[in-house]
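One-letter residues, chain by chain:
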Amino acid sequence: PSPRHTHTDPAAWALCHLSRCSSGRAPPVMSLLLEEAEQRCQHKLELLEQELTARVRTAEDRARHAEADAVVERQRARVEVEIAKSEARRKVQEAWEDAHAAQVRAERAQERAQEAERRCEELVAQERAASESRVAHAEERAREVQEAAERRGVEMH
């Protein structure tokens, strides 16, 4: 069969093969009908091809848009992750600085407490020494008074 007689429409194929004369040529009316059927089939094929091409283009466009959206989403997610990491590092740094500052304050408070305790011990030692000195002085004075009293008592007898 010639390319002209290759049909996808079964009715056109049947018309083509049934209407042939024994000579292998179609009668003129049948030839016109066959040609018209072939044209209709060809037109339907062209419309179908156009529709399918449009569908493919639409699907490709959707795929490109989806890929572009995915790229944008990946970039946005990376940015969000970096922001979150940066924020976490900042918070860790702040927490470390706060802990260090608290430790320094505690050490200073400990030093002040130790200094206050040392001063207190010094004051107690000074007060004790002063008290002992007063007691020793009072005892000395009492001995002197007693000795003087005893001398007077001896002088009076």
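About the cut-offs
Residues numbered from 1 in each chain as written. Predicted model: local features only at pLDDT ≥ 70, side-chain atom pairs only at ≥ 80, totals over all residues. Heavy atoms only, no water. Helix = DSSP H or I, 4+ residues; strand = E, 2+ residues; numbered from the N terminus. Buried < 20%, exposed > 50% of the residue type's maximum accessible area, 1.4 Å probe, protein only. Areas by Shrake-Rupley, 256 points an atom, 1.4 Å probe, with all protein chains shown as cover. Salt bridge = Lys/Arg side-chain N within 4 Å of Asp/Glu carboxyl O. Expected span 1.5 Å × (residues − 1).

Draft legend 1. Broad picture of the overall build of the protein chain. Tallying secondary structure elements over the protein chain gives two helices and zero strands in all. Put simply, the protein chain has 157 residues, and 6% of those count as buried. Of the accessible surface of the protein chain, which amounts to about 13600 Å², a share of 57% is contributed by carbon and sulfur atoms.

Draft legend 2. Just the pattern of salt bridges, in detail. This structure, assessed with the given rule, holds 14 salt bridges. Its salt-bridge partner being R76, residue E73 comes within 2.7 Å of it at the nearest N-O pair. Remark: R76 and E73 occur in helix α2 (residues 28–156); sequence separation between them is three residues, near one turn of the helix. On the accessibility criterion, R76 (43% relative accessible area) is partly exposed. Its salt-bridge partner being R134, residue E127 comes within 3.3 Å of it at the nearest N-O pair. Judged by relative accessible area, which is 46%, E127 ranks as partly exposed.

Draft legend 3. Structural context of α2. If you check α2, its first and last C-alpha atoms are 187 Å apart, about what 129 residues at 1.5 Å a residue would give, namely 192 Å. Within α2, the full set of buried residues consists of L34, A37, E38, C41 and A148.

As far as function goes, none of this settles anything; it's purely spatial.
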